[in-house]
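For reference, the chains in residue letters:
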Amino acid sequence: MDDRFDLVYRLLDEQIVDVDGRRCGRVDDIELVGAPGEPLRIGGLLTGRGTYAARIPRPFRGLARTLFGADVRGATVQRVPWPEVEDVRATVSLYGRAVDLALGRDDRELQRPFQRLPGG
Amino acid sequence: MSTDVIKLSHLLELAVQDESGRSLGHVHDVRVHRAGEDYVVEGLIIGRRGLFVRLGWRRAPDPAPVSPHDILAWGDVLAIEDDRLIVRNAR
Amino acid sequence: MKVVLRIALGIIAAIGGFVDIGDLVFNTQAGAQFGYTLMWAVPIGVVGIGVYAEMSGRVAAVTKRPVFDVIRMRMGLSSGLVVLVASLFVNLLTLSAEIGGVAIVLQLFFDAPFTLFALLGALGLITIIWFTPFEGIERLFGYGGLTLFVFVAAALHEQPDWHAVGHGVVPEAPSSTLYWYFAVGLIAAALMPYEVYFYSSGGVEEGWTPKDLLVNRLNAIVGYGIGGVLSLGLMVAAAQLFEPAGVEPDHLGTVALLAQIPYGETGLVLALLGMLFAIGGAAVDASFAAAYSIAQFAGWEWGKYRRPSGAPRFTCAWLLFFALGLAILMTGIDPLDLTEYSVVLSVVALPLTYLPVLLIARDRTFMGDYANGQIARVLGWLYFVILVVVALAAIPLLLATNAGGG
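Bear in mind that the values here come from a model prediction, so they are computed numbers and not experimental data. Sequence order as written defines residue numbering, which begins from 1 separately in each chain. Going through the entries in the order they are written, you letter the chains from A and number the ligands from 1. pLDDT decides what is reported in this predicted model: residues at 70 or higher carry local features, side-chain atom pairs at 80 or more are listed and counted, and totals for whole chains, interfaces and linings draw on all residues regardless.

Student: Which residues make up the overall build of chain A, and what are the values?
Tutor: Secondary structure elements are taken from DSSP: a helix is a run of H or I of four residues or more, a strand is a run of E of two residues or more, and numbering for both begins at the N terminus. Of regular secondary structure, chain A possesses 4 helices and 8 strands. In sequence order, chain A lays out its α and β elements as β-α-β-β-β-β-α-α-β-β-β-α. Along the first, second and third principal axes, the C-alpha set of chain A runs to 60 × 35 × 20 Å. Expressed as a percentage of the 120 residues in chain A, the buried residues total 38%. The contacts of chain A with a sequence gap of at least 6 include a subset with a gap of at least 24, amounting to 43%. Counting other C-beta atoms within 10 Å of its own, a residue is labelled buried from 20 upward, exposed at 12 or fewer, and partly exposed in the gap between, with every C-beta atom placed from the backbone. Each residue is represented by a C-beta atom placed from its backbone, and any two residues with such atoms within 7 Å are regarded as in contact.

See below:
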């Protein structure tokens, strides 16, 4: 990770990959912790369709919320604490596994039905 | 004020004004640097919201990124409101 | 030596895979209505897809980013979402048209209702995709499509008027709106974006590195270049056999006549088989292109190499697209009309996905020494201008000519 970088240019919207190389979402938003007058630091990454509404311009936000869902932590949005991030390069790599961070849950849940099919 | 959580998406949609109410543009990016274990915000990159930015265009690559005038130090940010960011008047 | 063979086989598959239902429709209709005078449009389209594919393949090899990763990264979520939705829409129309084409060709072999063949065709393709590895799929449909060279043989068999062919290399000056509609359609049919999404994602699936840049370039230049010869073959054959007789090839069966007239039953069977494989292959590519786009944009696990259970949402996406494509056909829309709309609307959306790829391909921060060289720079920007012009002209021409109805 570079010592200095820009969040939108280098971190936002990048692919998140876990320690096993599984793709498990994108950096859809970033949580910053602090306030004006105090240091502001990166708290964590947010990923999931529940973040979409906040990123879409205000006039379309209601529509986005209907289509993609509201921000429900643990359901439509997952938070990856910043210390879990190992490196930020072409992808954001994590120290841990997706399952331990509750990422890529939909892929995990659909895995079993597919495995039961021949050739799955 | 105790620790607050600010989302990057919120910062990016704010109009930036100085204390006198003069409009300075919008937040295009947030620059961070390493400080021990953390990455800390050192400044906000401000700019006019031209057509390309409206279309979602990201900035060109940055060897020498943007002019010093375009980076607002985080220390100069006075308040974050629902629809705008208020910064200290330029000296 | 084994490596050279592998590369050659890949290029051969690319040649056979070049043609889809859009090329079949537009090239034969252009030849039938305008003789040789639209030949110039084909190289423009072929070079265009060569440029776009080479850049996106290079980006995939160097940065490991396929097209929709680039789009999400460069444009962010909200603008990227607009591009994604537009792409998926035209992708769906294309997929539906290709499934329809498969059904039509099956009807030329056997007698059964269109809807039954659409369903069987779709199920057949899904089964092939499910059980066949990625490379096998490309080889199967690519080699099968090579039988379309029977049209090139037919074109040469009749000994074309080479003088007139020479004239066709230059656009005609005073020409009708319909002429320009077909010019747009020919360029658009060669430059179908789903092909590039599929190609760049395939590059990442196959683990391309900068060592594969030569292969990438050969695919783009030789693969698509020779594939373009197939398109020209269709147009020239139609110019010789249909234009003098005033035949309008508004059915795929009529297209097959171009091979039957010189070569009888053998020619007919070769033509139909070629069409079946080429169109079927295009349906596979189009469905995967859609699934790649969604999965890459959203950050899901994706890839044929992962097996269906390894990338479940990705698998659901391409299955769902097949279902939606079938649903569109069930509305009773004429697949050839659908083809024309899908081709024309695709070119309208094309600049949106082309520009981000161009900007990344020339960006040294991402590409290092592999950023666009002189040729790529010139061609890259030249084609952006061409695409914007074509994209702006497309819908007015579509409306003015009533989708080529005149």
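Student: Which residues make up the overall build of chain B, and what are the values?
Tutor: The number of helices and strands found in chain B is 2 helices and 7 strands. When its helices and strands are written in sequence order, chain B yields β-α-β-β-β-α-β-β-β. For chain B, the residues scored as buried account for 24% of the 91 residues in total. Restricting the contact set of chain B to residue pairs at least 6 apart, pairs at least 24 apart contribute 44%.

Student: So what's going on with the confidence of the model for chain A? Residues and values would help.
Tutor: Per residue, pLDDT captures the predictor's confidence, and it can take any value from 0 to 100. Per-residue confidence for chain A gives a mean pLDDT of 92, with 100% of residues at or over 70. Averaged over each element, pLDDT in chain A is lowest for helix H4 (residues 105-116) of chain A (87) and highest for strand E2 (residues 15-17) of chain A (97).

Student: Can you break down the pairing of strand E5 (residues 41-47) of chain A residue by residue, with the values?
Tutor: All names here are of chain A. Sheet topology note: the strand E4 (residues 29-33)/E5 ladder contains 5 bridges and is antiparallel. Paired with Asp29 across the bridge in E5 is Leu46. The pairing of E5 with strand E6 (residues 78-81) spans 4 bridges and is classified as antiparallel. Within E6, the residue paired with Gly44 across the bridge is Pro81. Between any two strands, at least two bridges found by DSSP are needed for them to pair.

Student: Summarise the nonpolar core; cite the residues concerned and give the values.
Tutor: Take the buried Ala, Val, Leu, Ile, Met, Phe, Trp, Tyr and Cys residues, join any whose C-beta atoms are within 7 Å, and the set you get is a nonpolar core. Grouped together as the largest cluster of nonpolar side chains are 160 residues, with contacts concentrated most on Phe151, Leu186 and Ala290 of chain C. Of all the elements, helix H12 (residues 252-298) of chain C adds the most residues to this core, at 27 residues. Excluding residues within four positions of it along the chain, Leu186 of chain C makes contact with Phe26, Asn27, Ala30, Leu38, Ala41, Val42 and Gly45 of chain C. Ranked by size, the runner-up nonpolar core spans 39 residues in total, among them Leu45, Val80 and Leu103 of chain A together with Val32 of chain B.

Student: Before we move on, can you summarise the interface of chain B and chain A with the specific residues and values?
Tutor: Counting from both sides, the interface comprises 27 residues of chain B and, opposite them, 23 residues of chain A. Among the secondary structure elements, those contributing two or more residues to the side of chain B that touches chain A are strand E1 (5-7), helix H1 (8-12), strand E3 (23-35), strand E4 (38-47) and strand E6 (77-80) of chain B. Charged means Asp, Glu, Lys or Arg here, nonpolar means Ala, Val, Leu, Ile, Met, Phe, Trp, Tyr, Cys or Pro, and polar covers whatever is left, Gly included. Of the residues in the side of chain B that touches chain A, the class split is 15 nonpolar, 4 polar and 8 charged. Of the strand pairs in this sheet, strand E1 (residues 4-6) of chain A and E3 of chain B are connected by 3 bridges, and their pairing is antiparallel. From the neighbouring strand, Phe5 of chain A faces E3 of chain B, where its bridge partner is Val32 of chain B.

Student: Give me the environment of Ala8 of chain C: which residues, what numbers.
Tutor: Mapped onto the elements, Ala8 of chain C comes out in helix H1 (residues 2-16). Here the alpha-carbon distance between Ala8 of chain C and Gly223 of chain C, two residues 215 residues apart in the chain, equals 9.4 Å.

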